[in-house]
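An overview of the molecular structure
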Amino acid sequence: MKKYPETPDFVGLNAPVCEEYSLKNLEVEGEIPADVCGAFFRAVPDPAFPPMFDDDTALSGDGMVSRLYFGADGTVDFDIRYVQTARHTAEVEAGKALFGRYRNPFTDDPSVKGVDRTVANTTPVWHAGRLLMTKEDGRAYEMNPHTLETIGSYDFDGALKSETMTAHVRIDPDTKEMFFFGYEADGLASTKVSYCIADKDGKLIREQWFDVPYCSMMHDFVMTENYALFPVYPTTSDLERLKAGGDHWVHHMDLDSWVGIMPRYGDVSEMRWFRGPKGVSTYHMMNAFEDSEGRVHMDHNMSECNAFPFIQRASGLNVPSQELGGGLIRWTMDMNGGDEKLTQATLGPPGDMPRVADADQGRPYQRGWYLSVNPELQGPPLMGGVVGAEFNLLLRIEPGSGRIDSYAFPPLWGIGEPVHVPASQDGHEGWLISIVDQQIGENEFAHAAWIFDAGNVTVGPVAKVTIPHRLRPQVHGWWVPRGELEKSKRK
Ligand SMILES: [Fe+2]
């Protein structure tokens, strides 16, 4: 049988685990805060079969949904299951990989022509009592949040026209509406983007389409109380290249970045485009908000070039992660002015995986959290994940005052994206939960979930939950309180 390639995407921490399992009553050190009661859902790519092409990326891995459940009685259980996508099902039946290069159907085995290619491996989204596993190259898959069984591809009861849905939705904390978009909405390398609103009950109430300046990897977007913001960075696709069996994404250092801004309940014809710097790249926005002078501020984890090694290779670029530059960057757009200029300011060091409290979404905010690299690391980082090395610094930043607090991990440790759990106590900033990985031998790793006091990260975790099983690095996670889980549409 074909073997997994000996490349960074498939060895060490990234070695495929390919196992569905459940662990009950995990060992807890410290005290789990009473607020932490509910489910931490995680999206984990894990390729069930060796890829057709040895230079495949970890991003192609079959989606698994994992749940760390914190019970009211203090117990913690863990479960992980494959998303039974059409792609995964077809490959299980064949006993081998049938889908070729990352987001290039022209490289697939002819037997799967026309089969949905998405691996649903990026974000578990919870909205209106539904759990969706998302990836931006296709529609979501609905999952049963209790059994983790796959219900099927989700098209909002037949209402969604877009062929794609982002893995980064935004939910308004007051109206509970879910805002989302889909790029390449009508096919590969298209400039068509859908912009959609689902009401608090999950009903799709609006879908409009617009064109972006060029086909771009639009991984995330962001909302304010009155506007929807669509950032466009110059990682682009090309249909002829795809037909020739080439890479989906190539990054262009000489192309402008853009932000399209429109009234969030408005018409796409009202979109205004602001021009950003050339060649920059952002995967995630921390937040956006308006000020009293009519300006819109967008805070994002920007770098001076695309950070993914497989995209750099396809682009003829070779920028090591420590030379990517950028930081937590604020772009400010004046909605009163008539020009396309934006201004740029640096709020914090480079990093990614930003998080704000759900209640702060789209509003002026006092604090946020993200992951970065420990500048004082005395030894090797933990290799793994998509970019190559795991993050090893947890940051809490106050964008207003500029204050930054941090918790640093030693060599061979890494931390995954935190979820935020709100606190019931007034004035308390809530809790952060992250999966923490440690390399303990040549090919041995230890894993745990660490719970931090979100307002006091420097002192380290208040509780640790050991997960006595190999874990592959997650992409994104989502916190669902127990009360919300009980409102699930699925039993
Ligand atoms: Fe993401």
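Residues numbered from 1 in each chain as written. Predicted model: local features only at pLDDT ≥ 70, side-chain atom pairs only at ≥ 80, totals over all residues.

We now examine the overall build of the protein. Each helix and strand in the protein was counted, giving 4 helices and 35 strands. A compact globule built from 491 residues would reach a C-alpha radius of gyration of about 23 Å, and the protein, at 21 Å, matches this within 12%. Dimensions of the protein, computed from C-alpha atoms along their principal axes, come out at roughly 60 × 60 × 50 Å. For the protein, with 491 residues in total, the buried portion stands at 48%. (Helix = DSSP H or I, 4+ residues; strand = E, 2+ residues; numbered from the N terminus. Rg over C-alpha atoms; globule rule 2.2 N^0.38 Å. Buried ≥ 20, exposed ≤ 12 C-beta atoms within 10 Å, placed from the backbone.)

Turning next to the environment of Cys37. Structurally, Cys37 is set in the loop between strand 2 (28-30) and strand 3 (38-45). A tally of 18 C-beta atoms within 10 Å means that Cys37 is categorised as partly exposed. Expressed as a C-alpha distance, the spacing of Cys37 and Gly71, which sit 34 residues apart in the sequence, is 5.6 Å. Setting aside anything within four residues of it in sequence, one finds Cys37 in contact with Phe70, Ala72, Pro481 and Arg482. (Contact = placed C-beta atoms within 7 Å.)

A few words now on the sheet that holds strand 6 (residues 123-127). In a beta sheet, neighbouring strands pair by backbone hydrogen bonds and run either parallel or antiparallel. Taking strand neighbours across the sheet as the criterion, the 4 strands line up as 6-7-8-9 in an open arrangement whose pairing is antiparallel. The outermost strands of the open sheet, each flanked by one partner alone, are strand 6 and strand 9 (150-154). Neighbour to neighbour, the strand axes of the sheet diverge by 30 degrees on average, direction disregarded. Pairing geometry for strand 7 (residues 130-134) and strand 8 (residues 140-143), over 3 bridges, is antiparallel. (Pairing = 2+ DSSP bridges. Axes fitted to C-alpha atoms, helices over the stretch in contact; angles between N-to-C directions.)

We now examine the sheet that holds strand 13 (residues 204-211). Overall, antiparallel pairing links the 4 strands, which are arranged 10-11-12-13 in an open sheet. The open sheet is flanked by strand 10 (170-171) and strand 13, the only strands paired with a single partner. Here 2 bridges tie strand 10 to strand 11 (residues 178-183), and the two strands are oriented antiparallel to one another. Paired with Ile171 across the two strands is Met178, which belongs to strand 11.

Examined against the element boundaries, Lys491 turns out to sit in the segment after helix 4 (482-485). Sequence separation between Lys491 and Pro33 is 458 residues, and the spatial gap between their C-alpha atoms is 27 Å.

This paragraph deals with the nonpolar core. Core analysis: the largest hydrophobic core is formed by 110 residues, its most contacted members being Met133, Leu229, Phe230, Val259 and Ile433. Excluding residues within four positions of it along the chain, Phe230 makes contact with Phe181, Val193, Met218, Phe221, Val259 and Gly260. (Core = buried A, V, L, I, M, F, W, Y, C linked by C-beta atoms within 7 Å.)

With respect to burial, strand 20 (residues 281-290) is a largely interior element, 8 of its 10 residues being buried. Judged from the 7 bridges that link them, strand 20 and strand 21 (residues 295-303) form a sheet pairing that is antiparallel. Within strand 21, the residue paired with Asn287 across the bridge is Asp299. The antiparallel hairpin formed by strand 20 and strand 21 contains 4 residues in its connecting segment, where Gly294 sits at a positive phi of about 80 degrees.

Looking at the element boundaries, Leu242 is found in helix 2 (residues 239-243). What makes Leu242 partly exposed here is the crowd of 19 C-beta atoms within 10 Å. The contacts of Leu242, once residues within four sequence positions are left out, are Asn104, Phe106, Leu188, Ala189 and His248.

Take helix 1 (residues 86-94) next. Within helix 1 the residues assigned to the buried category are Arg87, His88 and Glu91. The buried residues of helix 1 occupy an angular sector of 95 degrees when projected down its axis, which confines them to one face. In this structure, the buried residues of helix 1 make contact with strand 5 (76-82). Phi for Gly95, located one or two positions after helix 1, is positive at around 75 degrees. (Arc of directions from axis to C-beta.)

With that settled, consider the pairing of strand 3. Of all 8 residues in strand 3, 8 are buried; the element is thus mostly enclosed. Summarising the sheet, strand 3 and strand 35 (residues 477-481) pair through 5 bridges and their orientation is antiparallel. When the sheet's bridge partners are listed, Ala39 is paired in strand 35 with Val480. Examined bridge by bridge, strand 3 and strand 4 (residues 63-70) share 8 bridges and lie antiparallel to one another. Residue Pro45 lies in a different strand from strand 4, and its bridge partner there is Gly63.

Right, let's get into unusual backbone geometry. Despite not being glycine, Met353 has its phi angle at roughly 60 degrees, a positive value. Here Met353 shows up in strand 24 (residues 352-355).

Shape descriptors only; they carry no functional weight alone.
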